[in-house]
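Fold and geometry: a report
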Amino acid sequence: MTDRLYYDNAYLTEFDATVLEAKEENGEIFVRLDRSAFYPTSGGQPFDTGKLNGANVLDVFVDQDGEVWHKTDAAFSEGEAVHGKIDWDRRFDHMQQHAGEHMLANAAYRLLGGHTIGLHLGKDSSTIDMDLPGGRTHITLDEIHALEDDVNKNIQKNAPIKCWFPTCEELEKLPLRKPPTVKEHVRIVQIGDYEFCACGGTHPSSAGEIGLVKIISATPSRGKLRLQFVCGMRAFLAFRRRYEVLDRAAGALSTSWEGLDGQVEALLERSKNAEYLLRQERKASAVRKADQLYAEAVEANGRKIVRHVFSGIGIEGLREAGNAVIEKGGAIALFADESEKGYLLFFARSNDLDVNIGAVLSAACKKCGGKGGGRSDFAQGSAQEISVLDEALSLLE
Ligand SMILES: [Zn+2]
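The protein atoms that coordinate the zinc ion are His98 (NE2), His102 (NE2), Cys199 (SG) and His203 (NE2), at distances spanning 2.0 to 2.2 Å. Seen from the zinc ion, its 4 donor atoms lie at angles of 92 to 121 degrees, and the figure they make is tetrahedral. Each donor residue of the zinc ion lies on the same chain, and together they follow the pattern H-x3-H-x96-C-x3-H. Of the two residues, His102 is situated in helix α1 (residues 88–112) and His203 in the loop between β13 (195–198) and β14 (213–221); the sequence distance between them amounts to 101 residues. Side by side, His102 and His203 carry an identical accessibility label, which is buried.

Here's what the structure looks like:
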């Protein structure tokens, strides 16, 4: 069994060891040592990276027999002396996230009666899933603030964090937040006098080193509450990124970040009004155009066929333009509206004509590659090619 050096000292970054076993499987190299400071993926905390002599450590994991394996990119031989060095930035980041998680889970336990059932330390943020009394899967903004306040105040009190293996008698007396999953060799992490939890992970030696904890989201997930959060440097960087984005957005609207949401609301309102007015104007202009087209159209066989391709008036505009034409009597409107997505189609006929315009649109679409249909007096559809209008015209003639 590998002596796991991080159990006693999470700050140990370099160590000397001897290779107990080295093997190659499917072109991948795995090394087992007599002692190691490398943390293997477990308990929701990802593995450490770093160097073993000149080789890069690409993965560290525990096999079914509880042995720690280092996956490396260079070969080793049994009995070889190695010098290990872990990537401290990555490790310390994991220590901050992991200890922050203990404090957040502890606050949720005390303030909301929540039981944390799973931890995932992700690349950018971490999550815990929580069982809340009554099966609640939502919490209020006030409750989120209460959790954040509690955790960050406790961080600033800088309580010591202690990890040790208690005896069975000692373990029975500890006020554990949740029962341990293993019976023997239980490692306890204690923060101040309020948090006791079984955990095999790495943590800083005092709460102050966590720096800051911020909840990013609180959402339901598979019947539980999922809290997404960042700790330490991640929380600071998240603050910096948001600060810069807010600053830029506020600058673009010539306001301060405090005035930003008000300005955005006002801007949305103005843009909604402007869009409404633009739509009204386009429709009115489409109707004027339709009147003009009708006036210019030549009557043949007792009817006037009016054909036109509009631009950006939408189906509503097409309908209004079409209605403006057919209400004059003895008219057929074959209208299209061009947009980036292709052509919207609106065909209609006056009530005094006996033409099935829905059948005309369907037939033209079938021939020219479009879709649509409707009633005998009006129909709508869409097509990629505007040849559908010529086809409809020749069907009518
Ligand atoms: Zn832990």
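Below, the discussion takes up helix α6 (residues 314–326). Here α6 spans 19 Å end to end across 13 residues, near enough to the 18 Å set by a 1.5 Å rise per residue. Looking at α6, one finds that the buried residues are Gly317, Leu318, Ala321, Gly322, Ala324, Val325 and Ile326.

Now for the packing of helix α7 (residues 357–368) against helix α8 (residues 387–396). Direction vectors running N to C along α7 and α8 enclose 130 degrees, while the axes themselves pass 9 Å from each other. One element, α7, and the other, α8, form an angle in the oblique class. Where α7 crosses over α8, the handedness of that crossing is right-handed. Counted together, Ile357, Val360, Ala363, Ala364, Cys365, Lys367 and Cys368 of α7 and Ser387, Val388, Glu391, Ala392, Leu395 and Leu396 of α8 form the full contact between these two elements. Class assignment of the residues belonging to the contact of α7 with α8 gives a composition of 10 nonpolar, 1 polar and 2 charged.

Here we take up the sheet that holds strand β21 (residues 378–383). Backbone hydrogen bonds are what pair the strands of a sheet, in a parallel or an antiparallel way. Taken in spatial order, the 6 strands make up an open sheet running β16-β17-β18-β19-β21-β20, and their pairing is mixed. The open sheet terminates on both sides in strands that have one partner only, identified here as β16 (299–300) and β20 (370–374). Sheet contacts for α6: β17 (303–311), β18 (331–339), β19 (342–349) and β21; angle to β18, the most-contacted strand, approximately 160 degrees. The sheet contacts of α7 involve β18, β19, β20 and β21, and relative to β20 the element is tilted by about 170 degrees.

On to the packing of helix α5 (residues 260–296) against α6, then. Look at α5 against α6: their axes get within 8 Å of each other, and the N-to-C directions meet at 35 degrees. Two packed elements cross with a definite hand, and for α5 against α6 that hand is right-handed. Of the residues in α6, those touching α5 at Lys283, Ala286, Val287, Ala290, Asp291 and Tyr294 are Glu316, Gly317, Glu320, Ala321, Ala324 and Val325. Its residues placed into classes, the contact of α5 with α6 shows 7 nonpolar, 1 polar and 4 charged.

So, about the pairing of strand β10 (residues 126–131). Burial analysis of β10 places 5 of its 6 residues in the buried class, the great majority of the element. In the sheet, strand β9 (residues 115–121) pairs with β10 via 6 bridges, with the strands oriented antiparallel. Each bridged residue has a counterpart across the sheet, and for His120 the counterpart in β10 is Thr127. Joining the antiparallel neighbours β9 and β10 is a turn of 4 residues. Summarising the sheet, β10 and strand β15 (residues 224–231) pair through 5 bridges and their orientation is antiparallel. Within the sheet, the bridge partner assigned to Thr127 lies in β15 and is Gln228.

The next subject is the pattern of salt bridges. Using the criterion set out here, one finds 21 salt bridges in the structure. A salt bridge links Glu143 to Arg136, with the nearest nitrogen and oxygen atoms 3.0 Å apart. Judged by its relative accessible area of 19%, Glu143 is buried. The partner of Glu269 in a salt bridge is Lys272, and the shortest N-O contact between them spans 3.9 Å. In this pair, Glu269 and Lys272 are both assigned in helix α5, 3 residues apart and thus about one turn of the helix distant. What makes Glu269 partly exposed here is its relative accessible area of 41%. In the salt-bridge network here, residues are joined through shared partners; they are Glu21, Arg32 and Glu67.

Of the pockets and cavities examined, the largest pocket occupies roughly 830 Å³. In terms of lining, the largest pocket is formed by 32 residues, of which the most central are Thr181, Val182, Ala198, Cys199 and Gly200. At the level of secondary structure, the elements contributing two or more residues to the lining of the largest pocket comprise α1, β9 and β13. In terms of residue count, the dominant contributor to the lining of the largest pocket is β9 (4 residues). A class-by-class count of the residues in the lining of the largest pocket yields 14 nonpolar, 12 polar and 6 charged. Two domains share the lining of the largest pocket, each providing at least three of its residues, namely domain 1 (3–86) and domain 2 (92–250).

Turning next to the pairing of strand β12 (residues 188–191). Side chains Ile188 and Gln190 of β12 all project onto a buried face; the interleaved residues Val189 and Ile191 project onto the opposite face, where all are buried too. Alignment of β12 against β13, held across 4 bridges, turns out to be antiparallel. What sits directly across from Ile188, in β13, is Ala198. The antiparallel hairpin formed by β12 and β13 contains 3 residues in its connecting segment, where Gly192 sits at a positive phi of about 55 degrees.

Overall, antiparallel pairing links the 6 strands, which are arranged β2-β3-β7-β6-β5-β8 in a closed barrel. Neighbour to neighbour, the strand axes of the sheet diverge by 45 degrees on average, direction disregarded.

Another aspect to go through is the packing of aromatic side chains. Aromatic ring pairs are described here by two measures, namely the spacing of the ring centres and the angle between the planes. Evaluated as defined, the whole model comprises 10 aromatic pairs. Consider the rings of Phe15 and Phe38, whose centres lie 5.9 Å apart with planes at 80 degrees: the pair is edge-to-face. With a gap of 23 residues between them, Phe15 in strand β2 (residues 14–25) and Phe38 in the loop between β4 (35–36) and β5 (50–52) connect regions that are remote in the sequence. Since its relative accessible area comes to 1%, Phe38 is described here as buried. Taken together, Tyr6, Tyr7, Tyr39 and Phe165 form an aromatic cluster joined through their ring pairs. Lys162 extends its terminal NZ or CZ atom over the ring of Trp164, reaching a point 4.2 Å from the ring centre.

Cut-offs and rules
Residues numbered from 1 in each chain as written. Predicted model: local features only at pLDDT ≥ 70, side-chain atom pairs only at ≥ 80, totals over all residues. Heavy atoms only, no water. Donors = N, O, S within 2.8 Å, 3.2 Å for Na, K, Ca; no water. Tetrahedral: all angles 85-135°; square planar, octahedral: opposite > 155°, others 65-115°. Helix = DSSP H or I, 4+ residues; strand = E, 2+ residues; numbered from the N terminus. Buried < 20%, exposed > 50% of the residue type's maximum accessible area, 1.4 Å probe, protein only. Expected span 1.5 Å × (residues − 1). Axes fitted to C-alpha atoms, helices over the stretch in contact; angles between N-to-C directions. Parallel < 35°, antiparallel > 145°, perpendicular 65-115°, else oblique. Left-handed = near helix turned anticlockwise from the far one by under 90°. Contact = heavy atoms within 4.5 Å. Nonpolar A, V, L, I, M, F, W, Y, C, P; charged D, E, K, R; others polar. Pairing = 2+ DSSP bridges. Salt bridge = Lys/Arg side-chain N within 4 Å of Asp/Glu carboxyl O. 1 Å grid on protein atoms, 1.4 Å probe; cavity = no way out; pocket = protein on both sides within 12 Å on 5 of 7 lines; lining within 4 Å. Points joined across faces, edges and corners; volume = space filled by probe spheres on them. Domains from an automatic or database assignment. Phe/Tyr/Trp six-rings, centres within 6.5 Å; stacked < 30°, edge-to-face > 60°. Lys NZ or Arg CZ within 6 Å of the ring centre and 35° of its normal.

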